[in-house]
Amino acid sequence: RKLTGEGDFAAWGWRIPFLLSIALVLVSFYVRMQLGESPLYAKLKAKGGASVAPIRESFDTWEKWEVVLVVLFGVTAGQAVTWYTSQFYALFFLHTVLKLPLDVTYGIVAAALVLGTPLFVFFGGLSDRVGRKKLMMAGNLLGAVGYLFLYKAIAYFASPLNAPAIVAVIVVQIGIAAMITGPVAAFLVESFPARVRYTSMSLPYHFGNGWFGGFLPLIATALVARTGNMYAGLIYPIAIAFMTFVIGSMTLKETRHRKIWDEV
């Protein structure tokens, strides 16, 4: 944006990062081709236990669909909106709603992400000790009841600008997201059998993040534009986080003690 100027950036400059990402795709493809299968799956495959029709085996009964839907609406929907709210909506709110300069906005969010990233590791480790479900449901509930107060705090510290305080508020949001995202990988692994795990977990994980998370900026922007209330965009993440808390609290089973090696 600095190099091209605002006009050229809007016309064609925004495409440059997408073109550069081709290099990242090639690197990631190379890395993936060098990786072996997980020890568990490799042993399962050697014994002839891998599925030859993973799609059919993942979704051929209502009981299997029930697990997928419980994971989608009871875990990944809330995980997606809390993650998107903690960084993408925070960015939108600072720049588009509060009209802070773009450099200041990106600097604040970048600093918050650097400071908040270790929380994902912390909560992932904590879930090994206290359980996945407790942390994920607590994160959804904290998001549902706390977002309005957190964004009012951001607005308060924006005039006059107190950048460190805004960074701290966004780090709290990242912590809420980390309470769900930190444990979610282990939870997904423990929720599906190894012979069809990759296929079974892909639908709820990617559907949750792609649809529930991906539509957040569009829906939130539309709500703000329609109502004229700068906090109206929070209705969507609050509603989804609360829905996930209710469904997950009622339907999820704790998986921390599940021994995935029992399958082989």
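Details of the structure are given in the entry above.
Bear in mind that the values here come from a model prediction, so they are computed numbers and not experimental data. (Residues numbered from 1 in each chain as written. Predicted model: local features only at pLDDT ≥ 70, side-chain atom pairs only at ≥ 80, totals over all residues. Heavy atoms only, no water.)

### Describing the pattern of salt bridges
So, point 1. Evaluated as defined, the whole model comprises five salt bridges.
So, point 2. Here Lys2 and Asp103 are joined by a salt bridge, their closest N and O atoms 3.1 Å apart. Of this pair, Lys2 sits in the segment before α1 (5-11) while Asp103 is found in helix α6 (residues 102-116), placing the two residues 101 residues apart along the sequence. Both residues of the pair, Lys2 and Asp103, count as exposed.
So, point 3. Between Arg132 and Asp128 there is a salt bridge, and its shortest N-O distance comes to 2.6 Å. (Salt bridge = Lys/Arg side-chain N within 4 Å of Asp/Glu carboxyl O. Helix = DSSP H or I, 4+ residues; strand = E, 2+ residues; numbered from the N terminus. Buried < 20%, exposed > 50% of the residue type's maximum accessible area, 1.4 Å probe, protein only.)

### Section: the layout of surface pockets
So, point 1. Roughly 540 Å³ of internal volume is contained in the largest pocket.
So, point 2. Residue lining of the largest pocket: 18 residues in total, with Glu37, Ser38, Tyr41, Arg197 and Tyr198 positioned closest to the centre.
So, point 3. Elements supplying a minimum of two residues to the lining of the largest pocket: α3 (39-46) and α10 (197-213).
So, point 4. Examining the composition of the lining of the largest pocket, we find that four residues originate from one element, α10, more than from any other.
So, point 5. Taken together, the residues of the lining of the largest pocket break down into 10 nonpolar, four polar and four charged.
So, point 6. Looking at the second largest pocket, the residues that line it are Glu63, Glu66, Val67, Val70, Val71, Phe187, Ser191, Thr251, Leu252, Lys253, Thr255 and Arg258.
So, point 7. For the lining of the second largest pocket, the element with the most residues is helix α5 (residues 62-97), which contributes five residues. (1 Å grid on protein atoms, 1.4 Å probe; cavity = no way out; pocket = protein on both sides within 12 Å on 5 of 7 lines; lining within 4 Å. Points joined across faces, edges and corners; volume = space filled by probe spheres on them. Nonpolar A, V, L, I, M, F, W, Y, C, P; charged D, E, K, R; others polar.)

### Let's talk about the environment of Lys253
So, point 1. Locating Lys253 in the fold gives a position in the segment after α12 (235-251).
So, point 2. Separated by 56 residues in sequence, Lys253 and Arg197 have C-alpha atoms that sit 17 Å apart.

### Overview of the nonpolar core
So, point 1. Of all hydrophobic cores here, the largest spans 43 residues; its most connected members are Tyr89, Phe93, Leu94, Leu98, Tyr151, Ile154 and Ile170.
So, point 2. Of all the elements in the fold, those that place two or more residues in this core are α5, α6, α7 (118-130), α8 (132-157), α9 (163-191), α11 (216-227) and α12.
So, point 3. Per element, the largest residue contribution to this core is 11 residues, and it comes from α5.
So, point 4. For Ile154, the residues in contact, after removing those within four places along its chain, are Phe93, Leu94, Leu98, Ile166, Val169, Ile170 and Gln173.
So, point 5. By size, the runner-up hydrophobic cluster in this structure holds 14 residues, among which are Met136, Leu188, Met201 and Leu252. (Core = buried A, V, L, I, M, F, W, Y, C linked by side-chain atoms within 4.5 Å. Contact = heavy atoms within 4.5 Å.)

### What to know about unusual backbone geometry
So, point 1. Between Ser159 and Pro160 the backbone carries a cis peptide bond, its omega angle lying at -5°.
So, point 2. Position of Pro160 among the secondary structure elements: in the loop between α8 and α9.
So, point 3. Despite not being glycine, Lys99 has its phi angle at roughly 65°, a positive value.
So, point 4. Tracing the sequence through the fold places Lys99 in the loop between α5 and α6.

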